[in-house]
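Remarks on the overall topology
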Amino acid sequence: MSVAYPVKKISVTAVVALEEHRVSVGSVWETGNLLFRSQDCGADLQLKIKSWARAVDSNGRAYILWATDHPKASILVAQPVDSHYCFEILPVEP
């Protein structure tokens, strides 16, 4: 399956209780396919959940990483803080 959106590498800058998902400050993740549209934009969602991480891409766009229990995906996702769209992510091995 091809990816309809540009693949982005994002670097984690802050982590709050997401360590069980191998998320740590400085870890790098790669975005993939669009999974679903969240009810909240990333900035608003970050205020509502207890486990999250912040990341930034090479263009300076900020993302929130969070573990979803959505019917379409029960995984860690990346959501731009200024968007409702959630993308699959995979760790980039050093």
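Structural notes, computed from the coordinates. Since this is a predicted model, take the numbers as computed values, not measurements.

What about the overall build of the protein chain?
Helix and strand counts for the protein chain stand at one helix and six strands. Along the protein chain, helices (α) and strands (β) appear in the sequence β-β-α-β-β-β-β when read from the amino end. Here the protein chain has a C-alpha radius of gyration of 12 Å; the compact-globule value for 94 residues is 12 Å, and the two agree. If you line up the protein chain on its principal axes, its C-alpha atoms span 30 × 30 × 25 Å. Looking at the 94 residues of the protein chain, the share that counts as buried comes to 40%. Separation between the mean location of the 9 positive side-chain charges and that of the 10 negative ones in the protein chain comes to 4 Å.

Rules used throughout
Residues numbered from 1 in each chain as written. Predicted model: local features only at pLDDT ≥ 70, side-chain atom pairs only at ≥ 80, totals over all residues. Heavy atoms only, no water. Helix = DSSP H or I, 4+ residues; strand = E, 2+ residues; numbered from the N terminus. Rg over C-alpha atoms; globule rule 2.2 N^0.38 Å. Buried < 20%, exposed > 50% of the residue type's maximum accessible area, 1.4 Å probe, protein only. Lys, Arg positive; Asp, Glu negative; His and termini not counted. Charge placed at Lys NZ, Arg CZ, Asp CG, Glu CD.

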